[in-house]
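Residue-level structure breakdown
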Amino acid sequence: MPTTPLHDPIASPMPDAVTAVKTTTCYMCACRCGIRVHLRNGEVRFIEGNPNHPLNKGILCAKGSSGIMKQYSPARLTQPLLRKPGTERGAGEFVEIPWEQAFDLLERRLSAIRASDPKRFALFTGRDQMQALTGLFARQFGTPNYAAHGGFCSVNMAAGMIYTIGGSFWEFGGPDLERAKLFVMIGTAEDHHSNPMKNALSAFKRAGGRFVAINPVRTGYAAIADEWVPVRPGTDGALLLALIREIIALGLYDREFLARYTNAGQLVDLDADSDAFGLMLRNAEGDVVNPLRPHNFFWWDRLTNGPVADHAEGTDPALLGSFRMPDGRPVKPAFQLLEERVRDCTAEWAEGITGIPAKTIRRLAHEMGVTARDHKIELPISWTDCWGRTHPNVTGNPVAFHAMRGLAAHSNGFQTIRALAILMSLLGTIDRPGGFRHRAPYPRAVPPNARPPKGPQAVRPNAPLDGAPLGWLEGPEDLFVDDAGTPVRLDKAFSWEHPLSAHGLMHNVITNAWRGDPYPIDTLMIFMANMAWNSSMNTTEARRMLVDRDDAGEYRIPFLVVCDAFHSETTAFADLVLPDTTYLERHDAMSLLDRPISEFEGPVDSVRIPVVPPTGACKPFQEVLIELASRLKFPAFVKPDGSRLYRDYPDFIVNYETAPGSGIGFLAGWRGPDGTKSMRGEPNPAQWEMYAKNDCVFHLRLPPGLQYMRNWNRDYMEWAQKVGLRRDRDPIVIHVYSEFLQRFRLAAQGRGTGRRPPEHLRKRVADFFDPLPFWYPPLEEQETDPARYPLHAITQRPMAMYHSWDSQNAWLRQIHAHNTLFVHPRTARAEGIGNGDWIWVESRWGKVRCICQYSEAVEPGTVWTWNAIGKAAGTWGLSADANESQKGFLLNHLISEELPPDAAGRRLSNSDPLTGQAPWYAVKVRIRAADAAEPRQTWPQFAVTPRPPGTRRWLPAWRAYFAGRGDTKGPDDVAPKPAALGDPQ
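Residues numbered from 1 in each chain as written. Predicted model: local features only at pLDDT ≥ 70, side-chain atom pairs only at ≥ 80, totals over all residues. Heavy atoms only, no water.

This model, assessed by the stated rule, comprises 68 salt bridges. Here Lys205 ties to Asp226 by a salt bridge, and the two come within 3.0 Å at their closest N and O atoms. Separated by 21 residues along the polypeptide, Lys205 in helix H6 (residues 194-206) and Asp226 in the loop between strand E10 (210-214) and strand E11 (227-229) bring together distant segments of the chain. On the accessibility criterion, Lys205 (28% relative accessible area) is partly exposed. Measuring nitrogen to oxygen at the nearest pair gives 3.9 Å for the salt bridge that ties Arg389 to Glu313. A residue pair is termed long-range when its members are at least 10 positions apart, and Arg389 in the loop between strand E18 (383-384) and strand E19 (390-391) and Glu313 in the loop between strand E14 (306-309) and strand E15 (323-324) qualify at 76 residues. Each of the salt bridges in this network shares a partner with another, and the network as a whole consists of Glu100, Asp104, Glu107, Glu627, Arg631 and Arg644. (Salt bridge = Lys/Arg side-chain N within 4 Å of Asp/Glu carboxyl O. Helix = DSSP H or I, 4+ residues; strand = E, 2+ residues; numbered from the N terminus. Buried < 20%, exposed > 50% of the residue type's maximum accessible area, 1.4 Å probe, protein only.)

See the structure below:
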């Protein structure tokens, strides 16, 4: 008998529904792909990749697709919250307040601080996308105490490469896999640049490229590598030095590239009695080119066997040898010093450190060198270099690298990254087809021109800070210290402890504020950073510091403001909570002034435009800053009469200029009154509308002659200066040898008449500020007994989650609801531990209880886990018995933000001594089986965090809704269902 269908399968299920598709930019991770958001009756129903977007070309990962679950998360904060009078910080007890009360409270408090001592206010932000705005706010306030997350993320990657080649991986450069033949990925988890990397890797593999992954763990990208080379954590620098040695010994370096485009041929002053010892010898009669960064160096000409001005026409610099100047001064080319440095860095030496067989190291070096030499690329693109030579073609050596936090997040990471950049330069791959290519606004000068203030006089009441709060140092004269060498910043960035800390040391802020070292503060404002959980080392201690009181009974950190979109572990410790919007509810600018999404072919910036209205009383943090800056009457935010200059954040983005009349603003596209200008032009009132009409993205394709060799490309430099990407247009020579580092070493050695480090830091500065890369064990490892703690412990971010944001995501929880500790079976069995057993993991700083999971895809001396999946009970809209808090765990409990005290009781940050990079991967541990009688529950555990006002338990209704029944209400639905759930169907 025929059956009647229950419904018409081709009919619209809701014929009267109003549907729409809106474009914006994803923020489920830092990749920032273009997306199309499908709406029905104002609800988000589906998110897909935008095929017109230059970054992801329509590809979207699990995170991006599940943005709907973030939008309607039960962990959403919806109202400003004030800690309930009489309750303890950390108890999570709040009362709802209106925004006007929150603004009044902040205005009064911040106004008083700014009028007395601006540095008692500190603003630190996590992985936000508006550091140009947050940095401007801090500078206008007058506080030096500002930084974003880079110090505990990958500042070593940025600083190590920028101080060497003028650019870096991630937003500012990457591998040209379209033309590469060999791709070497080192220390990269599967979350970085995920969609573009997956797309490029797929095409690279299909085209026959060879992919080598060097990592202690084989996951993510490394899973499809042709060869996995397991390496012990923190030893990558030794491997890279051995590769450099082999390539030099085999003569497989690109001599022509090194001679013309790097300082390998520049002569170094080796007069041991000179205050200029170890610096580049200056030619008094040479062409300075740029007085702010002189270029009057010497070469030793091989043709005339004598000194000449560098880049003098018809000369050829010696790269090897030892010479004497006419006045008897001994000199050597920088490359000679590099060769001497790595002479003893044999493959056998590196094998004992890295665990990689010497024959593998030699084979990899040979493969890199031969591929670069014998598979050259030639493009019929004419270009002229900065010294006036016209080249008929652009050539390339098709060996590409990519590296990230696995190299960077060690206290030896800066010198390791320097070694990587030098290896890439030896192979002649910088900004050439098939190698590493820059992304705008890079390349920039080595180092870039921004400098932090130079002393406490830069901090004045009711006045902007005299200089940018973050910057790049050329020498001790740029340090942000007082006359005694004491740090001016709370985190001690740009001090003798960590001079090149371009991104600050956010991981030390709570500890220093609690201790009052170098001084106490009044108000700490944290945005998008889970500092009471996964964003802090030694998490248990960080939580204790946040609630600790002084002898007078007052909190040591008097006032804590937290701005976040979700009920994180940190919100419970706040005195004031400001509810942020999601990325689907706000305007944003991915600006060339900040962290854009540029492509190799030219600048790209993008925006977010709201696709749905804010939930509850949520307000974008950008709007909060604009409002506060206007109320506090910061000069850049008010008119001469003191009235408000910008209506709101979108108005600010359109009309702000870096200097009056500069024509340079936050967005590069559709500038000028009629929107016909790009990069530089007058404000355009219709700029947001133009971005909305163009998939929320602007992409300027440069002419082919401006797309390569940009460090030394005359026409590119002229264009970059014209549009404001560069202040100058002199060539950006690669620093194989860094005289900027040598300047700090000379100061520590007591040479010259400039600043000197405090006595207890002199040896530290002299040892670590080596102008050539070298390897040393991570600082914590040097302090740890390897017999007691034999294993390295590291974390990685999974491809399906980003930081701690996604454990409240109903879809992504189905992939990762808890984490385990991955242990090599041989290592686990040696301790009597079975697969799935509960175990203890112990370091010298703490211990955690967790579940062991066997994995052969890990170097046997290493254990590892996914980062930030473990949660505190009751947070993130999860039930108190959720797997995330009962089975998941944090490795952070095992890591310290400080090194053990020295003989005088002084404490230094457990960070890279040059940059302040947090060494997440340096901890050593041991494992043992948990007793059978112990609870099958992760440890440590904390009191259950109560659900704050304004959040709702929606899960039963969610289950029904996504099963197709929107009329079901569960017993826990104590508040009305959100509009997102729609009407009964």
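Structure's up, so let's keep going.
Soluble globular proteins: nonpolar side chains tend toward being buried together. Ranked by size, the top nonpolar core spans 271 residues in total, and within it Phe169, Leu338, Phe401, Leu524 and Phe652 carry the most contacts. Apart from the residues within four sequence positions on either side, Phe652 is in contact with Leu133, Leu136, Ile626, Phe637, Tyr646 and Phe666. (Core = buried A, V, L, I, M, F, W, Y, C linked by side-chain atoms within 4.5 Å. Contact = heavy atoms within 4.5 Å.)

Once that is clear, we can look at the sheet that holds strand E27 (residues 604-608). Ordered by their spatial adjacency, three strands build an open sheet running E26-E27-E28, and the pairing between neighbours is antiparallel. For this open sheet the edge positions go to strand E26 (588-590) and strand E28 (697-699), each flanked by a neighbour on one side alone. Taking the axes of each pair of neighbouring strands and ignoring which way they run, one obtains an average angle of 10° across the sheet. Where E27 and E28 come together, three bridges link them in antiparallel fashion. Looking at E28, one finds that Val604 is bridged to His699. (Pairing = 2+ DSSP bridges. Axes fitted to C-alpha atoms, helices over the stretch in contact; angles between N-to-C directions.)

A few words now on the packing of aromatic side chains. In total, this model carries 40 aromatic pairs according to the counting rule given. Ring centres of Phe257 and Trp712 lie 5.6 Å apart, and the angle between their planes is 90°; this geometry places the pair in the edge-to-face category. With a gap of 455 residues between them, Phe257 in helix H8 (residues 255-261) and Trp712 in the loop between E28 and helix H19 (714-723) connect regions that are remote in the sequence. Using a relative accessible area of 2% as the deciding quantity, one classes Phe257 as buried. (Phe/Tyr/Trp six-rings, centres within 6.5 Å; stacked < 30°, edge-to-face > 60°.)

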